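Here is what each chain is made of, one letter per residue.
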Amino acid sequence: MTETENRMAKVIEFYWALLNLYLTLATPTLTNAGRITGGLSSCFVLTDVEQEMQAK
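Residues numbered from 1 in each chain as written. Predicted model: local features only at pLDDT ≥ 70, side-chain atom pairs only at ≥ 80, totals over all residues. Heavy atoms only, no water.

By the naming in an unreviewed UniProt entry, the protein chain goes by Ribonucleotide reductase N-terminal alpha domain-containing protein and is assigned to Lysinibacillus xylanilyticus.

Here it is in structure tokens:
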């Protein structure tokens, strides 16, 4: 499989997952995509929430 064919297969797989609601994109990701300064994350996951809360 060539690199182009591999990329196309990934695009089709991603589209299928969106179409069948196996994943959704958050609004900040959609609105900031393609912008130079746009952040593509809508939330940040902490590895140890309890420790982070005690540090503040």
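J.: How do you make sense of the overall build of the protein chain when you look at a structure like this?
T.: Each helix and strand counted, the protein chain has 3 helices and 0 strands in total. When the helices and strands of the protein chain are placed in sequence order, the string is α-α-α. Surface summary for the protein chain: the accessible area is close to 5,500 Å², and the carbon and sulfur share equals 59%. (Helix = DSSP H or I, 4+ residues; strand = E, 2+ residues; numbered from the N terminus. Areas by Shrake-Rupley, 256 points an atom, 1.4 Å probe, with all protein chains shown as cover.)

J.: How should I be thinking about the packing of aromatic side chains in this particular structure?
T.: The description of an aromatic ring pair rests on the distance of the ring centres and on the angle between the ring planes. Taken as a whole, this structure holds 1 aromatic pair when the rule is applied. Ring plane angle 20° and centroid distance 5.0 Å describe the contact between W16 and Y22, whose orientation is recorded as stacked. Judged by relative accessible area, Y22 falls into the exposed class, the value being 62%. (Phe/Tyr/Trp six-rings, centres within 6.5 Å; stacked < 30°, edge-to-face > 60°. Buried < 20%, exposed > 50% of the residue type's maximum accessible area, 1.4 Å probe, protein only.)

J.: Please clarify how the pattern of salt bridges should be interpreted in this entry.
T.: Pairs may arise between side chains of opposite charge once their charged atoms sit close together. In the structure shown here, the tally under the stated rule is 1 salt bridge. In this structure, R7 engages E3 in a salt bridge whose closest nitrogen and oxygen atoms are separated by 3.0 Å. You can see R7 and its partner E3 sitting in helix α1 (residues 3-19), 4 residues apart, about one turn around the helix. Across the pair, exposure class does not vary: R7 and E3 are exposed alike. (Salt bridge = Lys/Arg side-chain N within 4 Å of Asp/Glu carboxyl O.)

J.: I would appreciate a short explanation of α1 in the present structure.
T.: In an α-helix, one turn spans 3.6 residues, which is why side chains three or four residues apart end up on the same side. Counted at 1.5 Å a residue, the expected span for α1 with its 17 residues is 24 Å, and the 24 Å between its end C-alpha atoms agrees. Backbone geometry just after α1 places L21 at a positive phi near 60°. (Expected span 1.5 Å × (residues − 1).)

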